[in-house]
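# Close look at the chain arrangement
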Amino acid sequence: MKKKRPDLTCITSMIHLVAVLSVVCVGTMVLTLGVLALPALTSAFMIGKDVILRRFDVYDSLTKRFFRQLTEELRMLRYLPLQLIAVLQAVGIFACGKVGLGMIGYVLAASMAFFLTLMVYTVTYHVFCKPLPSMPEVLIAMFYKLQNLLAVWALMLLVSLLCSIKLLAAAMLLGAIPILLAETAAFIGIVSFRKAGGKLTEAETADIGDALIEKL
């Protein structure tokens, strides 16, 4: 049986998705100096959810949906302390580079990547399961599938090391790719955790779908 190849419409819609989502998400983060980074990430993850669950509407206005969702997700500022910790570590990395303490800078980068990973899992938990998940529950879900945690952490570490003004243009064009990849890996880990613990609600099962849940 031949594998079904993606048609031209699918390819062009994904290119459009990546391009537009990268601009609006990264642009919002930069223009608000990171203040709305969590709501922006959540809004992007809401769109990513439809991609993961294969119900993305190519005819829907991504820009309008993103900003409409952004205003609804301002409650995610509740987790702003996670972001502030990551920012402080970024400042530490910059300072270490200036004074020649490269080894400490790498340790801070690894730690910063962990807090970014925690942010990814928190937002993913919010998008797929609970409105405002607690940190202990998110942490337990993170470590349930260690390979997924390491994948997201490695991706966040790469983002941390490559983050610079010089690469801003690239982020505005391709930033949605690491966002969607991180969300997918975190989604698999979280849903697998809830499935194993019998914590999936009827609403979550209906939303995600029995077929997809069975594969996890």
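Summary of the structure given here. These numbers were taken from a predicted model, which means no experiment stands behind them.

Definitions and limits used
- Residues numbered from 1 in each chain as written.
- Predicted model: local features only at pLDDT ≥ 70, side-chain atom pairs only at ≥ 80, totals over all residues.
- Heavy atoms only, no water.
- Helix = DSSP H or I, 4+ residues; strand = E, 2+ residues; numbered from the N terminus.
- Contact = heavy atoms within 4.5 Å.
- Salt bridge = Lys/Arg side-chain N within 4 Å of Asp/Glu carboxyl O.
- Buried < 20%, exposed > 50% of the residue type's maximum accessible area, 1.4 Å probe, protein only.
- Core = buried A, V, L, I, M, F, W, Y, C linked by side-chain atoms within 4.5 Å.
- 1 Å grid on protein atoms, 1.4 Å probe; cavity = no way out; pocket = protein on both sides within 12 Å on 5 of 7 lines; lining within 4 Å.
- Points joined across faces, edges and corners; volume = space filled by probe spheres on them.
- Nonpolar A, V, L, I, M, F, W, Y, C, P; charged D, E, K, R; others polar.
- Axes fitted to C-alpha atoms, helices over the stretch in contact; angles between N-to-C directions.
- Parallel < 35°, antiparallel > 145°, perpendicular 65-115°, else oblique.
- Left-handed = near helix turned anticlockwise from the far one by under 90°.

### Description of the environment of Tyr121
With respect to the element layout, Tyr121 can be found in helix α5 (residues 102-128). Sequence separation between Tyr121 and Gly189 is 68 residues, and the spatial gap between their C-alpha atoms is 9.0 Å. Other than its neighbours up to four places away in sequence, Tyr121 contacts Val138, Ala141, Met142, Asn148, Leu149, Val152, Ala185, Ala186 and Ile190.

### As for the pattern of salt bridges
Enumeration according to the criterion identifies 8 salt bridges in this entry. A salt bridge links Arg55 to Asp50; the shortest N-O distance between them is 3.0 Å. Glu137 is the partner of Lys130 in a salt bridge, and the nearest nitrogen-oxygen pair spans 2.9 Å. Overall, Glu137 belongs to the buried group, its relative accessible area being 14%. What you see here is one network of salt bridges that share partners, running through Lys49, Asp50, Arg55, Arg65 and Asp207.

### Describing unusual backbone geometry
At Leu33, a residue that is not glycine, the phi angle is positive and equals roughly 55°. Structurally, Leu33 is set in the loop between α1 (8-31) and α2 (37-52). Assessed through its relative accessible area of 77%, Leu33 is described here as exposed. At Arg54, a residue that is not glycine, the phi angle is positive and equals roughly 60°. Inspection of the secondary structure assignment puts Arg54 in the loop between α2 and α3 (62-72). In this structure Arg54 comes out as exposed when scored by relative accessible area, which is 79%.

### Considerations on the nonpolar core
Counting residues in each nonpolar core, the largest one holds 58 residues, and the members touching the most others are Leu21, Phe66, Tyr121 and Met156. Contributions of two or more residues to this core are made by α1, α2, α3, α4 (80-99), α5, α6 (135-144), α7 (146-162) and α9 (176-196). Sort the elements by how many residues they give to this core and α5 lands first, with 13 residues. Residue contacts for Met156: discarding those within four places in its chain leaves Ala113, Leu116, Thr117, Val120 and Ala182.

### Thoughts on the layout of surface pockets
Space inside the largest pocket adds up to approximately 1,700 Å³. Forming the walls of the largest pocket are 47 residues, and the residues nearest its centre are Met29, Met112, Leu116, Val159 and Cys163. The set of elements that each furnish at least two residues to the lining of the largest pocket consists of α1, α2, α4, α5, α7, α8 (168-174) and α9. Top element by residues in the lining of the largest pocket is α4. It accounts for 10 residues. Class assignment of the residues belonging to the lining of the largest pocket gives a composition of 39 nonpolar, 8 polar and no charged.

### Structural notes on the packing of α2 against α9
Two elements in contact, α2 and α9, have axes whose closest approach is 10 Å; the angle formed by their N-to-C orientations is 70°. One way to sum up the angle between α2 and α9 is to call them roughly perpendicular. The hand of the α2/α9 crossing is right-handed. Together, Leu41, Ala44, Phe45, Gly48, Lys49 and Ile52 of α2 and Ile179, Leu180, Glu183, Thr184 and Phe187 of α9 make up the contact between the two elements. Looking at the contact of α2 with α9 residue by residue, the class counts come to 7 nonpolar, 2 polar and 2 charged.

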